[in-house]
Protein chains: 2
Amino acid sequence: MNAIKDYVETHKERFLEELFDLIRIPSVSSKPEARRDMVRAADYIRESLLRAGADHAEVKETTGFPVVYGYKMIDQSLPTVLVYGHYDVQPAEPLDLWDSPPFEPVVRDGKIYARGADDDKGQLFMHLKAFEMMNATGTLPCNVKFMIEGEEEIGSPSLKQFCKENKQLLKADIILISDTTMIAQDIPSITVGLRGLSYLEVELTGPNRDLHSGLYGGAVGNPANLLAKMVASLTDENNRITIPGFYDDVLEVSDKERAEMAKAPFSLEEYKKALNIDEVVGESGYTTSERTGIRPSLDVNGIWSGYTGEGAKTILPSKAYAKISMRLVPNQDSGKIDQLFIRHLEQIAPAGTKIKIRSLHGGQGYVTPIEFPAYRAASRAIKESFGKAPIPVRSGGSIPIVSDFEEVLGIKSILMGFGLDSDAIHSPNENYPLFNFYKGIETIPLFYSYFVEEMS
Amino acid sequence: MNAIKDYVETHKERFLEELFDLIRIPSVSSKPEARRDMVRAADYIRESLLRAGADHAEVKETTGFPVVYGYKMIDQSLPTVLVYGHYDVQPAEPLDLWDSPPFEPVVRDGKIYARGADDDKGQLFMHLKAFEMMNATGTLPCNVKFMIEGEEEIGSPSLKQFCKENKQLLKADIILISDTTMIAQDIPSITVGLRGLSYLEVELTGPNRDLHSGLYGGAVGNPANLLAKMVASLTDENNRITIPGFYDDVLEVSDKERAEMAKAPFSLEEYKKALNIDEVVGESGYTTSERTGIRPSLDVNGIWSGYTGEGAKTILPSKAYAKISMRLVPNQDSGKIDQLFIRHLEQIAPAGTKIKIRSLHGGQGYVTPIEFPAYRAASRAIKESFGKAPIPVRSGGSIPIVSDFEEVLGIKSILMGFGLDSDAIHSPNENYPLFNFYKGIETIPLFYSYFVEEMS
């Protein structure tokens, strides 16, 4: 531990300067004109890997932006850790809301301010520096591989195929990812669950054209009124989803795990105050954290029909639309839920209407069992470096690629994230505390050691 | 009758040319740049009135576009008919859907094609020519006044005030309006009822910003889901409106009048086919014609919330909006219904939300009793000129100015319209059959004679 701390202390300025060089490359994957910058960022990662001591590193082409692949194999009989991260970032717009230019990183009040400072250049770079450190100090206890992609912020469209084509190269015992948050610097946590997603669009058609609401109102089914009735019927008075079969595959979480999760600090008053709402609304019998962590949900993400401009236009619209998404818990299958949703909505579509439904997006949920060697290793590492055992947390969000890794490669992931909610990822003034950056670099080698121990 | 027919026969070409001159002025009241054309159209009406034999005619300024006022008083002891019409027209756009230019009137297949051919220049001009004819043949049986406005197509914003300021000038026994339709050339009808209107906009606010639907979905009230529930609850399984007190002032229509209305030809199969719907949807216990004619209704005219673009954006929206209008039957008060609606929606707004509601538009319903002298006169006139007694029809639409006339001036209106549903008013290729134009000119003097008879 002291050797690690010494190495960090000696090289901390250089670590930061190297990260800043990576951040200065505006590798915004949603902008097609950024291709040159994407390749520059990928090359920078490749060179960093080689300088840090990788046996091999290369920029591998995909159908989209390239993936950086590299490794150091020290002994085939030892476990292998596959580090995943991404070098692409979100767009920086709106630029006028930034206090300093997004691609000119600066340190203010102990935090790095820049696009990508946390997500994911900052978190990814901790792994490169931890790797360098273990190589430099001769303490690397296992084999390591790296897969750093450039399309995470646009939904990783090429990565699943990349995994399919490179199964042998990617063989590993665990995938280690730092792309999530912990509760606070003094309340470390590990994300052990992610929700899946079914996202569909409904189009309900009534009459074949917009009608005069005076001449026809009361006699012709209005698709806006009728879609409202359909949407309203999808949840009951206990805020449970009414689609037949929807809960069939939901696994109840054990009282023990619920008790463990309940240890995470949470103030309902502060939550409501931050959102300026007088009440929370959710499924009866569950706490707010459980409603997003271990229970599925159904939300209208968008709804539109008829006249939405200024003033009063008296039409009875021909069509009404809704985008509806369901967050799923692990063991619920996104494809099956799509089918249940479609079948149910087709059944309840009222007389006088026609319905069309299409799936827009989906992904499976994911859970890391807390009895798992990688979880125990991460927990021990964090306890040692932060001085406190981390709390296992189920996040309401989705990282579809994690379940893809399990499906395609047959490898579980551990989400050892060092970000904070206050890092403003995807927003102006994204930042990452230096404390978290350096603490992460210290924690990662500990994970490697404990993982080898847990696996042996 | 023969004298009238002869006069029409002799002058029919000139009548048409004069109407065409009026139509050529693009008096589109919704375009502020049309002010010069509005004044030209008003002047043209004023001159036509004087040439037709008016004692006096003038263009009177209002806070908006001017009103043309004129009269011929032959004997204070005789009844006075006040003719209302409007010289403004709807915009002609989309221009590329017209088969001939909208402001260059042409006759094709026995119909005048142009913007305003029916609504209301064509129908209004019948009154000017009937007036000319009665003066020329010495057959005018009563006093006549004219009030021709230029803002009907934008909701008559200045006319109520104009009426208040000119009560004495506008004194009359009946207001005669040709701005509605009849069922068919061989099935004449008279509109005896119009529905009133309450049109409001609802804004439901949940959290103070759009949230990530993964991180918050299931725990925070989603205003799009909740507004759908609120809208859905406004009508019950019999399609009756659930707002407490809503039906209190609705007068049941007598079985006799329902039987009379049921004589109007109506094919439910053709109605459904024309709208491409497999079922009609409306209040239990009433026919389709009754649902729009004598019963109130509630329609969502527009609804919007969240993400409505392409693809999948996983937000839990902060706000949801709906424009909701209710068509009211005579005796329901638009202001009272606004209040009932607002109070009810405020009461059912769920915990976790804030609601704002504002009234956008309103107007009272109107009914012409079929026992009324003006109705009997119109019925006799149409029976004589069309060879068939007209059917009294209640229209689902609203002409708010008609109830304003009753409120401000204390004068009832008779809606002796000669348009057809196929005239495509407000649409490309608006048209008006020459048959209806000339038949109207013949019918109007008959109305005057019978009205004097009925009033004496």
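Residues numbered from 1 in each chain as written. Chains lettered and ligands numbered in written order. Predicted model: local features only at pLDDT ≥ 70, side-chain atom pairs only at ≥ 80, totals over all residues. Heavy atoms only, no water.

**Q** How would you explain the relation of the copies chain A and chain B if you had to name every residue and give the values?
**A** For the pair of chain copies, the relating operation is a rotation around an axis with a shift along it. For the pair chain A and chain B, the superposition axis carries a translation of 0.2 Å, the fit reaches an RMSD of 0.3 Å, and the rotation angle comes to 180°. The superposition of one copy onto the other is thereby described by a two-fold rotation axis. (Least-squares fit on C-alpha atoms with pLDDT ≥ 70 in both.)

**Q** Quick one: what's the story with the packing of helix α1 (residues 2–23) of chain A against helix α3 (residues 121–136) of chain A, residue by residue and with numbers?
**A** Packed helices, taken two at a time, are described by the angle their axes make and the gap between the axes. Residue and element names in this part refer to chain A. Across the interface, α1 lies against α3 with an axial gap of 10 Å and an inter-helix angle of 140°. Classified by the interaxial angle, the pair formed by α1 and α3 is oblique. Along this stretch, α1 crosses α3, giving a crossing that reads as right-handed. Each of I4, Y7, V8, R14, F15, E18, L19, L22 and I23 in α1 lies in contact with α3, whose residues at this interface are K121, G122, F125, K129, E132, M133 and A136. Counted by class, the contact of α1 with α3 contains 10 nonpolar, 1 polar and 5 charged residues. (Axes fitted to C-alpha atoms, helices over the stretch in contact; angles between N-to-C directions. Helix = DSSP H or I, 4+ residues; strand = E, 2+ residues; numbered from the N terminus. Parallel < 35°, antiparallel > 145°, perpendicular 65-115°, else oblique. Left-handed = near helix turned anticlockwise from the far one by under 90°. Contact = heavy atoms within 4.5 Å. Nonpolar A, V, L, I, M, F, W, Y, C, P; charged D, E, K, R; others polar.)

**Q** Report on the packing of aromatic side chains, specifying residues and quantitative values.
**A** The tally for this structure, following the rule as stated, stands at 26 aromatic pairs over all chains. Ring centres 5.9 Å apart and planes at 35° place the aromatic pair Y216(A) and Y271(B) in the tilted group. Of this pair, Y216(A) sits in helix α5 (residues 213–216) while Y271(B) sits in helix α8 (residues 268–275), each in a different chain. Across this residue pair, the class does not change: Y216(A) and Y271(B) are buried. One aromatic cluster in this structure is built from Y216(A), F266(B) and Y271(B). Its guanidinium or amino end placed over the ring of Y438(B), K12(B) lies 4.8 Å from that ring's centre, counting from NZ or CZ. When the ring centre of Y113(B) is taken as reference, the NZ or CZ atom of R108(B) above it lies at 4.2 Å. (Phe/Tyr/Trp six-rings, centres within 6.5 Å; stacked < 30°, edge-to-face > 60°. Buried < 20%, exposed > 50% of the residue type's maximum accessible area, 1.4 Å probe, protein only. Lys NZ or Arg CZ within 6 Å of the ring centre and 35° of its normal.)

**Q** Hey, could you go over the environment of G285(A) for me, with residue numbers and the actual values?
**A** Residue and element names in this part refer to chain A. Among the structural elements, G285 can be located in the loop between α8 (268–275) and α9 (288–293). G285 sits in the exposed class, given a relative accessible area of 65%. Sequence separation of G285 and K229 is 56 residues, and the distance between their C-alpha atoms is 26 Å.

**Q** I'd love a proper account of helix α13 (residues 434–455) of chain A, names of residues and values included.
**A** When the terminal C-alpha atoms of α13(A) are compared, their 32 Å separation across 22 residues agrees well with the 32 Å that a helix rising 1.5 Å per residue should span. Burial runs high along α13(A): 18 of the 22 residues are buried. (Expected span 1.5 Å × (residues − 1).)

**Q** Could you give me a rundown of the side chain of K439(B), with the residues and numbers involved?
**A** All names here are of chain B. Here K439 shows up in helix α13 (residues 434–455). Buried and unpaired, K439 has no salt bridge, with E442 as the nearest side chain of opposite charge at 4.0 Å. Once residues lying within four places of it in the same chain are set aside, the contact partners of K439 are S385 and F386. (Lys, Arg positive; Asp, Glu negative; His and termini not counted. Salt bridge = Lys/Arg side-chain N within 4 Å of Asp/Glu carboxyl O.)

**Q** Can you break down the pattern of salt bridges residue by residue, with the values?
**A** Across all of its chains, the model carries 58 salt bridges over all chains by this definition. Between E283(B) and R295(B) there is a salt bridge, with the nearest N and O atoms lying 2.8 Å from each other. Linking E283(B) in the loop between α8 and α9 (288–293) with R295(B) in the loop between α9 and β11 (297–306), this pair joins segments that are 12 residues apart in sequence. What makes E283(B) buried here is its relative accessible area of 4%. Taken together, the salt bridges that share partners define one network made up of R14(A), E18(A), K129(A) and E132(A).

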